[in-house]
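What follows is the residue order along each chain.
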Amino acid sequence: MEEMMVVLDEEELLGCCGSTKFAKEMASASPFASLNQAVSAARHIWFNLVDVNGWLDAFSAHPQIGQSPSSQWSKAEQSTALATANESSSQELSDWNNRYRLRFGFIFIICASGRTTAEILAELKKRYTNRPIIEFEIAAQEQMKITELRLAKLFSAKAKASSATFQYSATAKTAEDRVSIIEGHLCASTEASAGKISHIPTRTRLPITTHVLDVSQGSPAAGVEVRLEMWKGIQPRPLFGETDVSGWVYQGSSTTNKDGRCGQLMGMIEDMNPGFYKIIFNTGKYCPEGFFPYVSIVFEIRESQKREHFHVPLLLSPFSFTTYRGS
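Residues numbered from 1 in each chain as written. Predicted model: local features only at pLDDT ≥ 70, side-chain atom pairs only at ≥ 80, totals over all residues. Heavy atoms only, no water.

Thoughts on the state of the cysteines
Okay, step 1: With the rule as written, the count across this model stands at zero disulfides.
Okay, step 2: Cys-17 takes part in no disulfide bond, and the closest cysteine sulfur to it belongs to Cys-16, at a distance of 8.3 Å.
Okay, step 3: Classification of Cys-17 by relative accessible area gives buried; the value is 1%. (Disulfide = S-S within 2.5 Å. Buried < 20%, exposed > 50% of the residue type's maximum accessible area, 1.4 Å probe, protein only.)

Structural notes on the nonpolar core
Okay, step 1: Core analysis: the largest hydrophobic core is formed by 46 residues, its most contacted members being Phe-22, Met-26, Trp-46, Trp-55, Phe-59 and Ile-120.
Okay, step 2: When residues of this core are traced back to their parent elements, those giving at least two are α1 (10-16), α2 (20-29), α3 (35-49), α4 (52-60), α7 (87-104), α8 (117-128) and α9 (132-162).
Okay, step 3: At nine residues, the largest contribution of residues to this core is made by α9.
Okay, step 4: Those residues in contact with Phe-59, other than ones at most four positions away along the chain, are Trp-46, Phe-106, Ile-107, Ile-109, Phe-136, Ala-139, Ala-140 and Gln-143.
Okay, step 5: One finds Ile-208, Leu-228, Met-230 and Leu-316 within the second-largest nonpolar core, a separate group that totals 23 residues. (Core = buried A, V, L, I, M, F, W, Y, C linked by side-chain atoms within 4.5 Å. Helix = DSSP H or I, 4+ residues; strand = E, 2+ residues; numbered from the N terminus. Contact = heavy atoms within 4.5 Å.)

Concerning the sheet that holds strand β3 (residues 219-220)
Okay, step 1: Spatially, β3-β2-β9-β10 is the arrangement adopted by the four strands of the open sheet, whose pairing is mixed. Two strands lie at the open edges of the sheet, namely β3 and β10 (320-323), each paired on one side alone.
Okay, step 2: Across four bridges, strand β9 (residues 314-317) lies against β10 in antiparallel orientation. Across the sheet, residue Ser-317 finds its bridge partner in β10, namely Ser-320. (Pairing = 2+ DSSP bridges.)

Focus: empty space enclosed by the protein
Okay, step 1: Across all of its chains, the model carries two cavities of 30 Å³ or more by this definition.
Okay, step 2: There is about 130 Å³ of room inside the largest cavity.
Okay, step 3: Lining the largest cavity are 13 residues, with His-62, Ile-65, Gln-78, Ile-110 and Ile-146 positioned closest to its centre.
Okay, step 4: Where the lining of the largest cavity is concerned, the elements lending two or more residues are α5 (72-77) and α9.
Okay, step 5: Within this model, the second largest cavity holds a volume of roughly 40 Å³.
Okay, step 6: Taken together, Thr-283, Cys-287, Gly-290, Phe-291, Phe-292, Leu-316, Ser-317 and Pro-318 make up the full set of residues lining the second largest cavity.
Okay, step 7: Residue composition of the lining of the second largest cavity, by class: five nonpolar, three polar and no charged. (1 Å grid on protein atoms, 1.4 Å probe; cavity = no way out; pocket = protein on both sides within 12 Å on 5 of 7 lines; lining within 4 Å. Points joined across faces, edges and corners; volume = space filled by probe spheres on them. Nonpolar A, V, L, I, M, F, W, Y, C, P; charged D, E, K, R; others polar.)

Brief notes about the environment of Ala-221
Okay, step 1: Structurally, the position occupied by Ala-221 is in the loop between β3 and β4 (225-231).
Okay, step 2: For the pair Ala-221 and Leu-314, spaced 93 residues apart in sequence, the C-alpha separation works out to 9.6 Å.
Okay, step 3: Ignoring any residue separated from it by four or fewer positions in sequence, one finds Ala-221 in contact with Val-212, Leu-213, Asp-214, Thr-256, Asn-257, Gly-260 and Tyr-286.

Quick look at the sheet that holds β4
Okay, step 1: With antiparallel pairing, four strands are arranged side by side in an open sheet as β5-β4-β6-β7. Unpaired on one side and paired on the other, β5 (248-255) and β7 (295-301) mark the two borders of the sheet. Along the sheet, successive strands turn relative to each other by an average axial angle of 20 degrees, direction set aside.
Okay, step 2: Two elements, strand β6 (residues 275-281) and β7, share seven bridges in a ladder whose sense is antiparallel. Residue Tyr-277 lies in a different strand from β7, and its bridge partner there is Phe-299. (Axes fitted to C-alpha atoms, helices over the stretch in contact; angles between N-to-C directions.)

Digging into the side chain of Arg-261
Okay, step 1: Among the secondary structure elements, Arg-261 is positioned in the loop between β5 and β6.
Okay, step 2: Arg-261 gets classed as buried once you look at its relative accessible area, which sits at 13%.
Okay, step 3: Once you skip the residues sitting within four places of it in the chain, Arg-261 turns out to touch Trp-55, Glu-137, Arg-205, Thr-210, His-211, Thr-255 and Thr-256.

Side note on unusual backbone geometry
Okay, step 1: Of note, the bond from Ser-30 into Pro-31 is cis; its omega dihedral lies within 30 degrees of zero at 10 degrees.
Okay, step 2: Note that Pro-31 resides in the loop between α2 and α3.

With respect to the packing of α7 against α8
Okay, step 1: Remark: α7 packs on α8, axes separated minimally by 10 Å, with the N-to-C direction vectors making an angle of 25 degrees. As summarised for this structure, α7 and α8 are arranged roughly parallel, according to the angle between their axes. At the point where α7 passes α8, the crossing takes the left-handed sense. Between α7 and α8, the residues in contact are Ser-89, Glu-92, Leu-93, Trp-96, Asn-97, Arg-99, Tyr-100, Arg-103 and Phe-104 and Thr-117, Ile-120, Leu-121, Leu-124, Lys-125, Arg-127 and Tyr-128, respectively.
Okay, step 2: Taken together, the residues of the contact of α7 with α8 break down into eight nonpolar, three polar and five charged. (Parallel < 35°, antiparallel > 145°, perpendicular 65-115°, else oblique. Left-handed = near helix turned anticlockwise from the far one by under 90°.)

Given below as structure tokens:
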């Protein structure tokens, strides 16, 4: 049978994600041969091509969690929360939503499918203590979960419509199956749904990412050269005081954009190679009057962590820097 291609237009895609930039880029990448292909494109566009303003556009397209949603998709996604709410919990959720918005400047974003009001409220309180930059990224990841779920439903409907002339469409069936798989991956906590998770890719972002913030200016640091290396020396691990640097092998490089985000440092692989990695930032070129000609951050990825995401940001000023493992 001839391979079926599914076309997604900009208006439909805006229903999946309220960012105009995202919808335009996805429409340009359309048509898609499979839902997997569409989701991969969506992840790349959302995390690498859409800027901070685009993320905020997408956030603002959502109703405040707990309020009566207007779109059918939002109604379905919040159905469990609305069904488990009472007057007291609804008021508490509204109060915390307002506190959250005052603290972070945008509404609380969470993939609400299958979550009760109590669960959502507990997550909101937990995330309220995050630093703004950390919470902004978590919100973006939650938006991607929502987008994936809606893409699966849209793709299923489009595939079924396209296959109306066929007795049976394998593409439509695959899309339908993915709807239930993604719903289980994002929302369910039962053993049955846990079994489904293993059938879909776990990657939503490149394995190793970074961004640079200039804390002295209170803004992203654009134009910082970044290099990623991996330890492949004779010794099993790099040693303190070791002068031989030949064991470090180049993996990739990029430069931070206007949002301080670094481009691709390595490929989108499912399983990382366990070992020691080093991210080097050319801070001397960015800030010639600063104290650090470069900043080098070495970290270990263990066997048990090879499918995890490692975000290693740099918070820089002329005479100090900080790093942490982000999300």
